[in-house]
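Results of the structural survey
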Amino acid sequence: MIDQLKASAPGAVGAQATRKRGLRSLHGLAFTVPYLPFLITFGILPMVYALYLAVTDDTGGWVGVDNFTRTVRDYRFLPAFGHILLYTTMWLGSLVVLVVGLALLLHGRANRVTSVFRFLFYIPGALAGAASILVWLFMLDPAVSPGSFLLHLFDTDLFVESIAPGRLPFVFAMIAFWTGAGGWIVVMYGALNTIPDELEEAARIDGAGPVTVALRLKLPLIRKWIAYMTILAFATGTQLFVEPQLVNQASLGMVPDTWSSNQLAYQLAFRYGDFNGAAAISIDLIVIALIAAVLIVKRTGLFRTED
Amino acid sequence: MRLVARGLRFVILAAFAAFFVVPVIWLILAPTKSDEALVSRGPFAFGSLHNVALAWEHLDAFSEQIYRAWIGNSLLYALGATAIVLVTAIPAGYGLTMADFPGRKLILTLTLIVMIMPAATLVLPIFLELDALNLIGNALSIILPFAFFPFGVYLAYIYYSTAIPRDLLDAARIDGCGELATFRHIALPLAKPVVALVFFFSFVSDWNNFFLPYAVLADSQQYPIQPGLSTLLSSTPSFNPATGGGGQQVGIFRPELALATLLAVIPVAIVFLLSQRALVRGLVAGAVKN
């Protein structure tokens, strides 16, 4: 539509319009100025410094990829990345399928009941971070859990069995879904609300049922939001820290304090003083998250200004 | 057929609602029971308010009322940082949408890259920076890093680029509004829902942030509530039998831990209720729809 407007502008005022646009673009920059010092100080500079640490040793001398090969050979490296991969896969899968599914389901017939459900789904969002882990430590303790019958179904009679290392990726994915899904459902629902009624009506008049409308019309229109959610969820997934850290405390060390890659980096830095190794692991994580982000941005056109 | 579909829809929604809500109900009821009653009585049994008072007494006595200090710190850090976020992120999101200025893609890309940086990567350099600025041990050492909230910039950016028609802003400009006036009188009022969203997500993410304070703060008196809860967990004998004797001494058992968790959530719940109307009205309101 904007393109049409632009196209219909008479050629005579073209030069003036160009100058105006140039001026406007400077104003655009001006609006971002208050944000830039924060971006630089707490985003870009630390990032550059981390890169520097990753390719140098503790005296500041250049060592190339040495920190990377050294940490990959660490016996804790592969298990930690394996855990994260498994966890992130489960968490992303559940997030994309269930959050989008539930949002579409809620949006299908908006009424009072819908807003009650949306509110109920959101409630655990208040309990993120350490609070959510504490709640789930209780939920996974067959002695006190309201879901103990479910736990028994999975042959779990003791708390330590609930947090057996093999089950942890699933447990953490469930906790993350429990706290995170509601917020994203709110966001997706909001995004669905920006779809003009006329579009939906038109589709309905053309004979589309609610399922077709949801999958063929609504889903493509909230594409940008889904992409955005996926990128963020992927990144937060690879950064898992507080959950295994608290489970480590509660399991008396049965779950290692280097269960996730982020924990491994933390331990290297703050316990062994190996900042360079820690930086190398962080860079590994960034590269993984970046590759994923680039793929998603490219495939969904997240950066385009039109739409 | 229609009825079956509707029934099915309701069953699915109700099942998920149970999954989301049951643990919360359990948590609310837990402090009303003693530690023994938690095990012996039904999970949804109500004990007595007296037990809640007792649990609070124990919690409050822990380390000379340190729990109150943690909550106060969290409020200070989260509100201070969120105020700065609102002033920086909303205009930035707007500026990034309105024109294709040189460096725009770079800012967007860098913001996104930083957003997906692992916390551990940034925290160590940030720690060194704060040290260089002589801020370690100061509340600003938490507030300033928290005030950098790229997520909010993206929320504002996506909102402005999808939900607000350019024609509307152009119309204001044609009517003689300057850029600042266009922003103040048109773009900002239209963005109320996204201001609420940014306020909400920023406050919640600061409130729930564990990693930065855990790594940066040395004095547990300065802790916000998240690392505080972790400290409490390691004093609870049922999850940490090693501190069994310690548990007896400090009086922190499961009901106290549940109460501490519950109280820690209240501010977030309040902020949610405050933003709820804007969230629910959703990103709909405004001039997009007639």
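Just so it is clear, the model here is predicted, and its values are computed rather than measured.

**Looking at the overall build of chain A**
Counting its regular elements, chain A contains 16 helices and zero strands. Rg of the C-alpha trace for chain A: 24 Å, well past the compact-globule value of 19 Å for 307 residues, more than 25% over. Across its three principal directions, the C-alpha atoms of chain A cover 75 × 60 × 30 Å. Sequence-distant contacts in chain A: of pairs separated by 6 or more residues, those separated by 24 or more amount to 68%.

**What to know about the overall build of chain B**
Assigned secondary structure in chain B consists of 15 helices and zero strands. Counting only C-alpha atoms and orienting by the principal axes, one finds that chain B spans roughly 75 × 70 × 30 Å. Across the 290 residues in chain B, those meeting the buried criterion constitute 47%. Pairs at least 24 apart in sequence give 72% of the contacts found in chain B among residues at least 6 apart.

**A short note on the domain arrangement of chain B**
Residue and element names in this part refer to chain B. Per the domain assignment, the segments making up chain B are domain 1 (1–47) and domain 2 (63–281). Computed from C-alpha atoms alone, the centre-to-centre distance between domain 1 and domain 2 is 30 Å. Contact residues are listed per partner, giving eight residues for domain 1 and seven residues for domain 2.

**Topic: the domain arrangement of chain A**
Considered domain by domain, chain A is made up of domain 1 (1–33) and domain 2 (78–300). Taken over C-alpha atoms, the centre of domain 1 of chain A sits 42 Å from the centre of domain 2 of chain A.

**A look at unusual backbone geometry**
Residues and elements named next belong to chain B. With a phi angle near 60°, Gln65 is a residue other than glycine that sits in the positive phi range. C-beta crowding within 10 Å serves as the criterion here: with 11 such atoms nearby, Gln65 is assigned to the exposed category. Positive phi, close to 60°, is recorded for Asn134, a residue that is not glycine. Checked against the element boundaries, Asn134 lands in the loop between α6 (119–132) and α7 (140–147).

**Digging into the nonpolar core**
A general trend in soluble globular proteins is that nonpolar side chains are found buried together. Of all hydrophobic cores here, the largest spans 178 residues; its most connected members are Ala103, Leu134, Ile185 and Met188 of chain A together with Ala156 and Val198 of chain B. Sorting elements by how many residues they give to this core places helix α10 (residues 168–193) of chain A first, with 17 residues. In this structure Ala103 of chain A touches Ile185, Met188, Tyr189 and Leu192 of chain A, once residues within four positions along its chain are discounted.

**Some remarks on helix α11 (residues 197–205) of chain A**
Of all the nine residues making up α11 of chain A, zero are buried; the element is thus mostly uncovered. At the C-terminal side of α11 of chain A, Gly207 of chain A shows a positive phi close to 95°.

**Some words on the interface of chain B and chain A**
Contact residues are listed per partner, giving 91 residues for chain B and 87 residues for chain A. Considered class by class, the residues forming the side of chain B that touches chain A number 68 nonpolar, 14 polar and nine charged.

**Section: the environment of Leu168 of chain A**
All names here are of chain A. Examined against the element boundaries, Leu168 turns out to sit in helix α10. For Leu168, a count of 22 C-beta atoms within 10 Å puts it in the buried group. Sequence separation between Leu168 and Tyr87 is 81 residues; the distance between their C-alpha atoms is 8.2 Å. If we ignore the near neighbours within four places in the chain, the residues touching Leu168 are Ile163, Val247 and Val255.

**Structural notes on the packing of helix α7 (residues 129–139) of chain A against helix α14 (residues 242–250) of chain A**
Residue and element names in this part refer to chain A. Remark: α7 packs on α14, axes separated minimally by 9 Å, with the N-to-C direction vectors making an angle of 45°. The angle between the axes of α7 and α14 places the two elements in the oblique class. Judged by the sense of rotation from one axis to the other, the crossing of α7 with α14 is right-handed. Contact residues: Gly129, Ala130, Ile133 and Leu137 in α7; Val242, Glu243, Leu246 and Ala250 in α14.

**Here we look at the confidence of the model for chain A**
Residue and element names in this part refer to chain A. Within chain A, residue pLDDT values average 83, and 90% of them lie at 70 or more. Per-residue pLDDT, averaged within each element of chain A, yields its smallest value for helix α1 (residues 2–8) (39) and its largest for helix α4 (residues 66–73) (94). Counted against residues more than four places away or in other chains, residues 1–14, with its pLDDT under 50, gives four contacts.

**Some remarks on helix α4 (residues 66–98) of chain B**
An α-helical segment advances 3.6 residues per turn. Residues three or four places apart therefore align on the same side. Over its 33 residues, α4 of chain B runs 48 Å from end to end, which matches the ideal 48 Å to within 8%, given 1.5 Å per residue. At Val85 of chain B, α4 of chain B is deflected by roughly 30°, the largest bend along its length.

**Focus: the packing of helix α3 (residues 36–54) of chain A against helix α16 (residues 275–300) of chain A**
Residues and elements named next belong to chain A. At a closest axis distance of 7 Å, the pairing of α3 and α16 adopts a crossing angle of 115°. The handedness of the crossing between α3 and α16 is left-handed. Here α3 contributes Ala50, Leu51, Leu53 and Ala54 to the contact with α16, which in turn contributes Phe275, Asn276, Ala279, Ala280, Ser282 and Ile283. Considering only residue class, the contact of α3 with α16 consists of eight nonpolar, two polar and no charged.

**Quick notes on the environment of Phe81 of chain A**
With respect to the helices, strands and loops of the structure, Phe81 of chain A is situated in helix α5 (residues 77–108). For Phe81 of chain A, a count of 19 C-beta atoms within 10 Å translates into the label partly exposed.

**A short note on the environment of Val204 of chain B**
Along the chain, Val204 of chain B falls in helix α11 (residues 192–208). A residue is classified by how many C-beta atoms lie within 10 Å of it, and Val204 of chain B, with 22 of them, is buried. Along the sequence, Val204 of chain B and Val268 of chain B sit 64 residues apart, while their C-alpha atoms lie 6.2 Å from each other. The residues touching Val204 of chain B, leaving out its near neighbours within four places in the chain, are Ala128 of chain A together with Val268 and Val271 of chain B.

**Looking at the confidence of the model for chain B**
Looking at chain B, pLDDT values average 84 and 90% of them are 70 or higher. Low pLDDT (under 50) marks residues 282–290 of chain B, which in the prediction has 25 contacts with non-local residues, meaning those over four places away or in another chain.

Rules used in this analysis
Residues numbered from 1 in each chain as written. Chains lettered and ligands numbered in written order. Predicted model: local features only at pLDDT ≥ 70, side-chain atom pairs only at ≥ 80, totals over all residues. Helix = DSSP H or I, 4+ residues; strand = E, 2+ residues; numbered from the N terminus. Rg over C-alpha atoms; globule rule 2.2 N^0.38 Å. Contact = placed C-beta atoms within 7 Å. Buried ≥ 20, exposed ≤ 12 C-beta atoms within 10 Å, placed from the backbone. Domains from an automatic or database assignment. Core = buried A, V, L, I, M, F, W, Y, C linked by C-beta atoms within 7 Å. Nonpolar A, V, L, I, M, F, W, Y, C, P; charged D, E, K, R; others polar. Axes fitted to C-alpha atoms, helices over the stretch in contact; angles between N-to-C directions. Parallel < 35°, antiparallel > 145°, perpendicular 65-115°, else oblique. Left-handed = near helix turned anticlockwise from the far one by under 90°. pLDDT = per-residue confidence, 0-100. Expected span 1.5 Å × (residues − 1). Bend = angle between axes of the 7 residues up to and from the residue.

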